[in-house]
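# Architecture at a glance
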Amino acid sequence: MGLNDSWNRLSSWHGTNCCQWSGIACHNTTGAVLAVDLPNSSGRQPLGGEIRPSLAKLKSLKHLDLSGNNFTGKIPHFLSSLENLQYLNLSYAGFSGAIPPNLGNLSSLQFLDVSYWGLTVDNLEWVSGLLSLKYLAMNSVHLSKLGGEWIEPLNKLPLLSELHLEYCGLSGFSYSLPSLNFTSLKVLNLQGSLFKAKLPTWLANISSLVSVDIGNSMLTGRIPLGFGELPNLQSLKLNYNLKLSASCFQLFARSWKKIQILDLSINGLHGRLPTLLGNMTSLIHFDLHFNYIEGGIPSSIGKLSNLQYIDLYLNNLTGSLPDSIGQLRNLVELRLNSNLLQGSIPSSIGNLQRLTTLTLASNKLNGTLPDSIGLLSELSSLDVSLNKLTGVISEAHFRRLGKLEKIDLSENSFILNVSSNWVPPFQVIFLQMGSCHLGPSFPSWLRSQKQVQVLDFSGAGISGSIPKWFWDMTSILAFLNVSFNSLEGHIPNPFNVTSYANVDLSSNQFKGPIPLPNVFLLDLSNNQFSGQITGLQTLHLSNNQLSGKIPSSLQNLSKLETLDFGNNMLTGNLPRWIGEDFPRLRILSLRSNKFSGELLLALSNLSSLQILDLAENQLNGSIPANLSNLKAMTQQQNVNHYLLYGTLSEHHNYQENIYVTINGLELRYTRTLSLLTSIDMSGNNLSGELPEAITKLVGLEVLNLSRNHISGQIPKSISELRQLLSLDLSGNRLSGPIPQSISSLTFLGNLNVSNNNLSGIIPSTNQMSTFNASSFAGNPGLCGDPLTVKCLNDSNNGGDNYPDGGGKADQADNGNGFIDKWFYMSIGVGFAAGLLLPYLVFAMKRSWGGVYFAFVDGTAYRLSSEKMKAATRRRNRGAR
């Protein structure tokens, strides 16, 4: 057969008696080969190679199973000559391309599975020739081109019992069939389709159906009520169809004679659950979570004696839990969280001896927690958090809960009353008792718990010191919250928790040095810690909802190199100490807040500052001329230093990063961050003239002062900013000419001076010839290319030039179109290329130099050919 067998699965394949070979079965009398059974279902190395035409010589073959292997090429056409074949399984065997239509010649075939994402079908008519077919699976095969025409050929298979077309991209139905021939169909699985359509009514008329799964298929419209009258239906899954709706009262008033599994979760079900729900006595699995169901849980639910799983999470259920719920003695999971349930938890819940999960969180339940819960010996998860429950929790509540792994009693008003020497019968992983009264002393019973990963004792009325034994059990903690207690004493520094842990020690009375564990989140606020933070160098608090003023306590962080408060709601003036206490500050980002007042003169003291981002605030006044003293921007950054922080190996240290907005694109800089110099004060209320002194920042690469009220002229010395990659002065009140010297900025890749009061001829040499009209629009006094307005004295020797009102069709390409989001995604740079690419890029087009920095941090994609052509046109035009 031409097989590759790296695991010697076919080691028995030698000699002439093939009937003794592994995977081969023969007729007892004639010796004819009846079966080739070579599936790879046990995780072994798959068979590979090719299937040779010699296989077609096995004319008596009835069973062929090559599933789960790794063959190459297309499904062999010669398989259609195996006319006695009854079972063919080629699923996930590595074949690709179109499924050969001549498989339709296998008229004896009863089982066909060709599931695999590499296979396609453009026309399904060949299937109608498989008149003996009982089982058809084409999961993940591309059927998107069939539209609704997939149904008619299948409707011609009178013996078809199971149809599996999961995740095939089906995109339509036929709503009228000449006749309904699915008389034998029992299992229909169309999960993961792309229907975007309503279900046809004929589907609910197939009386033979036992199991239907059309979940996650973009269904719309209403659930056909006929499903509830199908005499043999045992399982119906229509979950995750957000636009599929039904009235619960109408839907569940049907007979549902044999229904065992009903999953209508994440749909648009609405209305009340009817009393007739109790007639669905065969029901085992009932999932209606994430719908719009309202009203109470009918007491008739107690009649569902076979029910094992019920999930009504995230609905609008009201009323109290019926006492009859204790009659569901086979119940394993009960999930009623995130509703509006009121009243007390019935003590009959202790009758549910098989219950493993009880979730009643986020309701309005009141009263006490019945101690009958302590009888649930199989319970592994108990969550009654976020309710209005009160009363005493005693040892009796836990007496038989030896399998408990999760306890969440938080956000209630419980009082835990256990003896000082109590040893719980459980070993929990999640222990959340926030707002429960556990004090006054630290709970000594916690010492017996060896597997706790999530611990919440916040607001628990605990005082005194945390015992030393507790710090020996924290190494596996991923979440620790003991906030809002009266805990005191010192915290071990450092103490051991997982590196991804969230730790909240806030609002206590801890003293001593500030602990700095290696964690993801740490809250130490409202304590009595003393001393300084042990060398904090980078602080990112962007994209939160911080309000008020920047706390003055931050000025003690004298080693800070990055301060990022971007995208918050901070107010007030910029504190003066920002410019006085951070000699090492490289990055200052306060963009998108509500800061007001004038720019600080003290900013000029930040001699290490390379990125200054104050955009999108309410700052006013003029731009201080002494910004020219920003020493790090007065020289070109030629050496790339990876900004890594921490004391671990390179792969575990924190690598600095910041988002910088250039030409409307938000770019994340990491590896090349140390090479970038940028000032962005766009979107404020700055006024006055653009100080000529700012042109002393000869290392500056990005300057954005757009959308302010800056007046005066563009300084002629702008040409001193020779490293400038992006210049945006748009949306101001600038007047006068664009300096001819700006043409010497050969790195400039983005220029926008639109919507000002500029006048005169637009410089047209070098880089200036690459920008399109949008860079200069909104300046009525400007003329010359690329605008359509010609100048009266259109010469290359300078002089006064005025618009003449005429023009020509603007055929310019978008000058920055190539340097857009596609371009930033277009090149991934390896180590060697990282050394060579800057030189090559700069040699081709100097204005692309800055964009290189974003490439090193990006993911590799192909270059857009159309964008390349546009860039070539611009270069050719500039050469003319």
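Residues numbered from 1 in each chain as written. Predicted model: local features only at pLDDT ≥ 70, side-chain atom pairs only at ≥ 80, totals over all residues. Heavy atoms only, no water.

### Topic: the overall build of the protein chain
This is how the line gets drawn: Put simply, DSSP marks the helices as runs of H or I at least four residues long and the strands as runs of E at least two long, and each gets a number from the N terminus on. Using a 1.4 Å probe on the protein chains alone, a residue whose accessible area is under 20% of its type maximum counts as buried, one over 50% counts as exposed, and one in between counts as partly exposed. Whether two residues are in contact is decided by their heavy atoms, any of which lying within 4.5 Å being enough. Using a 1.4 Å probe, accessible areas were evaluated by the Shrake-Rupley method; residue-level cover was limited to the displayed protein chains.
Check the secondary structure of the protein chain and you find 7 helices and 60 strands. A total of 880 residues make up the protein chain; the buried ones form 52% of that total. A separation of at least 24 residues holds for 53% of the contacts in the protein chain among residues at least 6 apart in sequence. Accessible area of the protein chain: about 38600 Å², with a carbon and sulfur share of 49%.

### Comments concerning the pairing of strand S21 (residues 292-295)
Using the following cut-off: Strand pairing is assigned whenever DSSP detects at least two bridges linking the two strands.
Burial along S21 is one-sided: the face carrying Ile 293 and Gly 295 is buried and the face carrying Tyr 292 and Glu 294 is not. In this sheet, S21 lies alongside strand S19 (residues 268-272) in parallel orientation, the contact comprising 3 bridges. Bridging across to S21, His 270 finds its partner in Tyr 292. Sheet topology note: the S21/strand S23 (residues 316-317) ladder contains 2 bridges and is parallel. Looking at the pairing, Glu 294 lines up with Asn 316 of S23.

### Describing the environment of Gly 778
One can find Gly 778 in the loop between strand S59 (757-761) and strand S60 (781-783). Taking relative accessible area as the criterion, Gly 778 reaches 43% and is therefore assigned partly exposed. For the pair Gly 778 and Leu 758, spaced 20 residues apart in sequence, the C-alpha to C-alpha distance is 8.9 Å. Not counting chain neighbours up to four residues away, the residues in contact with Gly 778 comprise Asn 755 and Asn 756.

### Side note on the pairing of strand S45 (residues 594-598)
Here strand S43 (residues 569-573) pairs with S45 via 3 bridges, running parallel. Looking across to S45, one finds that Gly 572 is bridged to Phe 595. Judged from the 3 bridges that link them, S45 and strand S47 (residues 618-621) form a sheet pairing that is parallel. Each residue of the ladder has a partner; that of Gly 597, found in S47, is Leu 619.

### Looking at the sheet that holds S59
The 4 strands are arranged S55-S57-S59-S60 in an open sheet whose pairing can be described as parallel. Either end of the sheet is taken by a strand with one partner, and the two such strands are strand S55 (711-712) and S60. For strand S57 (residues 733-736) and S59, the ladder comprises 2 bridges, and the chain directions are parallel. When the sheet's bridge partners are listed, Gly 736 is paired in S59 with Leu 758.

### Details of the pattern of salt bridges
Rules: Any carboxyl oxygen of Asp or Glu within 4 Å of a side-chain nitrogen of Lys or Arg constitutes a salt bridge here.
All chains considered together, the criterion is met by 12 salt bridges. We note a salt bridge from Glu 50 to Arg 52, for which the minimum N-O separation is 3.8 Å. Its salt-bridge partner being Lys 406, residue Asp 383 comes within 3.8 Å of it at the nearest N-O pair. Taken together, the residues span a long stretch of sequence, with Asp 383 in strand S27 (residues 381-383) and Lys 406 in strand S29 (residues 406-408) at a distance of 23 residues.

### Side note on the environment of Thr 201
Inspection of the secondary structure puts Thr 201 in the loop between strand S13 (187-189) and strand S14 (211-213). Put simply, Thr 201 and Pro 224 are 23 residues apart on the chain and 6.4 Å apart in space, counted from C-alpha to C-alpha.

### Some points on the state of the cysteines
So the rule is basically this: The rule for a disulfide is simple: a pair of cysteine sulfur atoms within 2.5 Å.
Applying the stated rule across the entire model yields 2 disulfides. Between the sulfur of Cys 19 and that of Cys 26 lies a disulfide, 2.1 Å long from S to S. Disulfide Cys 19-Cys 26: the torsion about the S-S bond is -100°, which places it as left-handed. Taking the relative accessible area as the measure of exposure, Cys 26 reaches 17% and is therefore buried. A disulfide bridge connects Cys 783 with Cys 791, and the sulfur atoms are separated by 1.9 Å.

### Topic: the confidence of the model for the protein chain
What counts, and what does not: On a scale of 0 to 100, pLDDT captures the predictor's confidence in every residue.
When pLDDT is averaged along the protein chain, the result is 87, and 88% of the positions lie at 70 or above. Predicted confidence is poor over residues 646-652, with pLDDT under 50, and the contacts of this stretch with residues over four places away or in other chains come to 5 contacts. Here residues 804-880 is modelled with pLDDT under 50, and outside its nearest four sequence neighbours on either side it reaches 114 contacts, counting other chains as well.

### Section: the packing of aromatic side chains
The condition is simple: Classification of ring pairs uses Phe, Tyr and Trp, with its six-membered ring standing for Trp, and accepts pairs whose centres are within 6.5 Å; under 30 degrees between planes counts as stacked, over 60 as edge-to-face, and the remaining range as tilted.
For the coordinates displayed, the defined rule picks out 25 aromatic pairs. For the pair Tyr 87 and Phe 111, a centre-to-centre distance of 4.2 Å together with 10° between the ring planes defines the contact as stacked. Note that Tyr 87 is positioned in strand S7 (residues 87-89) and Phe 111 in strand S9 (residues 111-113), a separation of 24 residues in sequence. For the pair Trp 422 and Phe 426, a centre-to-centre distance of 6.2 Å together with 80° between the ring planes defines the contact as edge-to-face. Taking the relative accessible area as the measure of exposure, Trp 422 reaches 9% and is therefore buried. Residue classification places Phe 426 among the buried residues on the basis of a relative accessible area of 2%. One aromatic cluster is present, formed by Phe 398, Trp 422, Phe 426, Phe 442, Trp 445, Phe 457, Trp 469, Phe 470, Trp 471 and Phe 495 through successive ring pairs.

### Thoughts on the side chain of Ser 372
Residue position: Ser 372 is located in the loop between strand S26 (366-367) and S27. Ser 372 has contacts with Ser 347, Ile 349 and Gly 350, leaving out every residue within four places of it along the chain.

### Concerning a nonpolar patch on the surface
Put simply, the rule is: Each patch is built from salt-bridge-free residues with over 30% relative accessible area, joining like charges within 9 Å and nonpolar side chains (Val, Leu, Ile, Met, Phe, Trp, Tyr) within 5 Å.
Together, Tyr 500, Phe 520 and Leu 521 line one region of the surface with nonpolar side chains, adding up to about 390 Å² of accessible area. Relative to the elements of secondary structure, Tyr 500 occurs in the loop between strand S35 (486-490) and strand S36 (502-504).

### Focus: the sheet that holds strand S4 (residues 48-49)
Read across the sheet, 3 strands follow the order S1-S4-S6 without closing on themselves; strand pairing throughout is mixed. Edge positions in the sheet fall to strand S1 (3-4) and strand S6 (70-71), since each has one partner strand and no second. Note: S4 against S6, 2 bridges, orientation parallel. By the bridge assignment, Gly 48 is partnered in S6 with Asn 70.

### Observations concerning the nonpolar core
For clarity, the cut-off: Among buried residues, those of type Ala, Val, Leu, Ile, Met, Phe, Trp, Tyr and Cys that are joined through side-chain atoms within 4.5 Å constitute a nonpolar core.
Within the largest apolar cluster, 161 residues are counted, with the highest numbers of intra-cluster contacts made by Met 138, Trp 150, Phe 227, Phe 252 and Phe 470. When residues of this core are traced back to their parent elements, those giving at least two are strand S2 (24-26), strand S3 (33-37), helix H1 (151-154), strand S17 (243-247), helix H2 (248-251), strand S28 (388-393), strand S30 (413-416) and helix H3 (468-471). Among the elements that make up this core, the one with the highest residue count is H3 (3 residues). Counting 59 residues, the second-largest nonpolar core is a separate cluster that includes Leu 703, Leu 727, Leu 734 and Phe 771.

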